[in-house]
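Residues per chain, in single letters:
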Amino acid sequence: MPAPGRTAADLAERLLAGDKRALARAISLVENDDPEGWALVREVYPKTGRASMVGFTGPPGVGKSTLIGRLVEHARAREREVAVLSIDPSSPFTHGALLGDRIRLTDHFLDPGVYIRSMASRGSLGGLSEATLQAALLMDASGKDDVFLETVGVGQAEVDIIDHADTVVLVLMPGSGDSIQALKAGVMEIPDVIAVNKADHPLTDTMVREIRGVLSLGPQEGWRVPIIKTEASRGEGVDELAEKMGEHREFIDSEGKLAERRRRNLMNEVVALAAGRLRRRLEAQVRDDPSVQELLDEVVSRRLDPASAAAKLLEREGG
Ligand SMILES: Nc1nc2c(ncn2[C@@H]2O[C@H](COP(=O)(O)OP(=O)(O)OP(=O)(O)O)[C@@H](O)[C@H]2O)c(=O)[nH]1
Ligand SMILES: [Mg+2]
């Protein structure tokens, strides 16, 4: 049997060479929180940053997966290699959604230039949201030209994978009034490109007008967020969407904004990873350390206020 070090180096080598099975294995390692997986990411990280990362977000059922399937076709026709990472919400309905995605994307499963993977954003063991970021990095390292990330635009994962995208596409459909409100209220960040999918719906143009109205309230200089009507089920508007995604990429490249954006994203990731670890460490202390329980007793009996208790807890963490 080969020594473990040798196998790891081997896996890294095959991964960097674009071997699909090596990529699958590597992602499973990070998914299972295997230290070998983290070591692998450490090793291949210098080779990342080449792929164009596009995040797709939007309410459930608007057609994100169908649209991504079309964009995969589009990219393959141009001989680009693609990876898709679909991050499911942690609700009990996840499995159904996952199966649905798989069925719609099956056409691409046999293509060696396409790699598709679904992951849970948060598992019972915790830490899986960190794994999604590692998985995206591994896809990038394996030489994919495009990495498409799909998330449902509700809630905030511990490490929000969408923060890792160079371009964020918000997918809506006619009647997604809630999302328009969220954009208006600033709850949802303004994306780079908006696709109004299910454009076969009679209220599509109304929807486009409403979105335009919301965008007109925002800054008017720099990148103008394009609104593209798509009908993913028939492939309509997909060329135009791909074109706008490319234009956005060129725009941030030429303005030097890509480096700036990536720096900000990576900063967020480092902080989020550290915060996640700190949180788990604190939670373990609260569970296992009797003196933390005593601290808590003081809070319960109103001798110590929660903020002072938190400060004490952090003091010990720093020491
Ligand atoms: N009428 C119509 N239906 C569409 C269109 N695009 C997708 N659909 C259908 O909408 C349903 C949901 O599509 P998905 O691609 O799974 O949507 P999703 O946003 O990925 O869904 P979740 O991942 O569960 O949030 C499917 O039944 C699709 O066939 C479209 O352009 N027009
Ligand atoms: Mg989907």
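Our structure is the block above this text.
Below you will find a few notes about this structure. These numbers come from a predicted model, not from an experiment. (Residues numbered from 1 in each chain as written. Chains lettered and ligands numbered in written order. Predicted model: local features only at pLDDT ≥ 70, side-chain atom pairs only at ≥ 80, totals over all residues. Heavy atoms only, no water.)

We now examine the overall build of the protein chain. Within the protein chain, the secondary structure is distributed over twelve helices and seven strands. A fraction of 77% describes how many contacts in the protein chain between residues 6 or more apart in sequence connect residues 24 or more apart. Accessible surface, the protein chain as shown: approximately 16900 Å² in total, 54% of it carbon and sulfur. (Helix = DSSP H or I, 4+ residues; strand = E, 2+ residues; numbered from the N terminus. Contact = heavy atoms within 4.5 Å. Areas by Shrake-Rupley, 256 points an atom, 1.4 Å probe, with all protein chains shown as cover.)

Quick look at the packing of helix α9 (residues 238-254) against helix α10 (residues 257-288) now. Packing of α9 against α10 brings their axes to within 5 Å, and their N-to-C directions diverge by 90 degrees. Classed by the angle they form, the pair α9 and α10 counts as roughly perpendicular. The segment α9 lies against α10, with His248, Arg249, Phe251, Ile252 and Asp253 engaging Lys257, Leu258, Arg261 and Arg262. Residue composition of the contact of α9 with α10, grouped by class: three nonpolar, one polar and five charged. (Axes fitted to C-alpha atoms, helices over the stretch in contact; angles between N-to-C directions. Parallel < 35°, antiparallel > 145°, perpendicular 65-115°, else oblique. Nonpolar A, V, L, I, M, F, W, Y, C, P; charged D, E, K, R; others polar.)

It is worth spelling out the packing of helix α7 (residues 177-184) against helix α8 (residues 204-215) at this point. Packed helix pairs are characterised by how far apart their axes lie and by the angle those axes make with each other. It is at 10 Å that the axes of α7 and α8 come closest, and there the two elements cross at 10 degrees. As the angle between them shows, α7 and α8 are arranged roughly parallel. The segment α7 lies against α8, with Ile180, Leu183 and Lys184 engaging Met207, Glu210, Ile211 and Val214.

Here the focus is the coordination of the magnesium ion (ligand 2). For a metal bound by four donors in tetrahedral geometry, the ideal donor-metal-donor angle is 109.5 degrees, whereas six donors in octahedral geometry ideally sit at 90 or 180 degrees. The magnesium ion (ligand 2) binds to the protein through Ser65 (OG) and Glu150 (OE); the donor distances cover 2.1 to 2.2 Å. You can see Ser65 sitting in helix α4 (residues 64-77) and its partner Glu150 sitting in strand β4 (residues 146-152), a full 85 residues away along the chain. Residue Ser65 is classed as buried on the basis of its relative accessible area, which comes to 5%. We classify Glu150 as buried; its relative accessible area is 8%. (Donors = N, O, S within 2.8 Å, 3.2 Å for Na, K, Ca; no water. Buried < 20%, exposed > 50% of the residue type's maximum accessible area, 1.4 Å probe, protein only.)

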